[in-house]
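Observations on the three-dimensional arrangement
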Amino acid sequence: MRMRNVPVLVVLQDRNFQFLWAARWIHEISRRMELLVLGYLILELTGSAFAVGLISVFLNGPRPPLSLVAGMLADRLDRWRIMVGTHVIYLFIAAFLLVLLIYQLVEPWHVFLAILMQGTAKVLDDPTRRAALFDIAGQDRITQAMSLEMITNNAGKIIGPIIGGVIVQFYGFTGAFILLVVLDILAAFLIFKMRLPDGSARMPRDTAFLQGIKSGIRHSFSDKFVLGVLTISLLMNGMVFPLQYFVPVVATDVLKVGPALGGLLAAAEGIGSFLGVIVLAGRSRFTYHGRYFMFGALSVAIGVAIIAWSPWFVVSFLVFLCAGMGQAGFSVMQSSILLLCSPPDMRGRIMGSQGLVNGVGHVVGGSGIGAIAQAFGISIAIGLNAGAGILLMLPVIIWTPLVWRPVQLYRRPEEAGTTPA
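Below, the structure is looked at part by part. Please read these numbers as outputs of a predicted model, since none were measured by experiment. (Residues numbered from 1 in each chain as written. Predicted model: local features only at pLDDT ≥ 70, side-chain atom pairs only at ≥ 80, totals over all residues. Heavy atoms only, no water.)

**Comments concerning the overall build of the protein**
Threshold: Elements are defined by DSSP. Helices are runs of H or I of four residues or more, strands are runs of E of two residues or more, and each kind is numbered from the N terminus. Each residue is assigned to one of three classes by its accessible area relative to the maximum for its type, calculated with a 1.4 Å probe on protein chains only: buried under 20%, partly exposed between the two thresholds, exposed over 50%. Here, residues are in contact when the closest pair of their heavy atoms is within 4.5 Å. Using a 1.4 Å probe, the Shrake-Rupley method yields the accessible areas, and only the shown protein chains count as cover for residues.
What the protein contains, in helices and strands, is 16 helices and zero strands. The buried share among the 421 residues of the protein stands at 59%. Across the protein, contacts joining residues at least 24 apart in sequence account for 87% of those joining residues at least 6 apart. When the accessible surface of the protein is split by element, carbon and sulfur atoms take 67% of a total near 17,000 Å².

**With respect to the packing of helix H10 (residues 247–254) against helix H15 (residues 378–399)**
Two quantities define a packed helix pair, namely the angle between the helix axes and the distance between the axes. Stated precisely, the cut-off is as follows: Angles run from 0 to 180 degrees between N-to-C directions of axes, and those axes are lines fitted to C-alpha atoms, restricted for helices to the stretch in contact. For classification, angles of less than 35 degrees are called roughly parallel, those exceeding 145 degrees roughly antiparallel, those between 65 and 115 degrees roughly perpendicular, and all remaining angles oblique. Put simply, Ala, Val, Leu, Ile, Met, Phe, Trp, Tyr, Cys and Pro go in the nonpolar bin, Asp, Glu, Lys and Arg in the charged bin, and everything else, Gly too, in the polar bin.
Interaxial distance between H10 and H15 falls to 10 Å at its minimum, and their mutual angle equals 130 degrees. Judged by the inter-axis angle, H10 sits oblique to H15. Between H10, through Val249, Val250 and Val254, and H15, the contact on the second element is made entirely by Ile378, Ser379 and Ile382. Tallied by class, the residues present in the contact of H10 with H15 amount to five nonpolar, one polar and no charged.

**Brief notes about the pattern of salt bridges**
Close approach of charged atoms lets side chains of opposite charge pair. Quick reminder of the rule: A pair is scored as a salt bridge if a Lys or Arg side-chain nitrogen falls within 4 Å of a carboxyl oxygen belonging to Asp or Glu.
As enumerated under the stated definition, the model contains eight salt bridges in all. Between Asp126 and Lys122 there is a salt bridge, and its shortest N-O distance comes to 3.0 Å. With Asp126 and Lys122 both in helix H6 (residues 108–137) and four residues apart, this pair spans about one turn of that helix. Owing to a relative accessible area of 7%, Asp126 belongs among the buried residues under this scheme. Counted as one network, the salt bridges with shared partners bring together Arg24, Glu28, Arg31, Arg32, Lys122, Asp125, Asp126 and Arg129.

**Thoughts on the packing of helix H9 (residues 224–239) against helix H12 (residues 289–309)**
Contact geometry of H9 with H12 gives a least axis separation of 11 Å together with a crossing angle of 10 degrees. Classified by the angle between their axes, H9 and H12 sit roughly parallel to one another. The segment H9 lies against H12, with Val229, Ile232, Ser233 and Met236 engaging Phe293, Met294, Ala297 and Val300.

See the structure below:
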């Protein structure tokens, strides 16, 4: 087989995808690094596991009220302009915290305000970027494009926490944010250089704003594949994924290790997921997308439940790595299924629906786990939520067609009633 016929390499030949992919590499490294750094900063400023859990609340709090609106804007406005604007905001936030750290003025409320601003920008960035990926890659290569997107996501999970932990331990929080500002400048420059193809699918400007949002909600509930993905995503983000915010607490209180090893632990999931995504990216054809999605979700939930009770760093690292391999299937297929099952002019809104359920899950999960951890300990908080998540996923597996049927590509009503000649 010629290398240029490998689907994932065909996607990479597009110059605009190269700019977007390079920007995502840099941004994901800076975002994952910043998440760990802010966790240690809040822990140092407050000494409270509950306060660390509030990072999830402030980061994801804007998603429930704004995700559907953000998806509508992604379908209606110029996606390139939106992405440039959000990356400028990311740069401003990092520079704001750096100035406060240099002058030793930083307080917990400054950090939470910055996280809230970052979460608001991310609400608009996520559906816009994923719809733009479909514009560049097209229907036939969207799974490979999402695999490449997840490669950057997981590379960030590996590199970002390791760098963040080492810099915090040896150079402090100011040194970490100097690097974050530099990375955000590079990412914003690359997004500015990118262009989307002419004729990218957008809804007509004369569509009523509220009516457009309602149509996206109707599609989310009427398509069982879409509804199944959103339901599982809600459970995962509410009961399983909040562990990532509590890595500093787990490393400090349970495993008794410092920030450098805490960063390595946070990177384990990314290493496993990176390996899993490499395997998925090499495949040329997928039929049962839902099986990868469901198996991945269960693998991550089981892994988190084990990590909650492990007092050994090596065991926690290896389990986290295996859970990351499962997350590759979950994350790649999550957006792929939603995009494949949705009409072209509604993809931004469906990505907004994904952001909505992810945000609700993180807000509830982050605050709930933080409160339980403060009262009963981090192991009980994480283990209890992960176990409940596994039990609640089982009826969804039975009810939805995700495991039992191949994904059905979206066809407009007038097309569904016709048969090929």
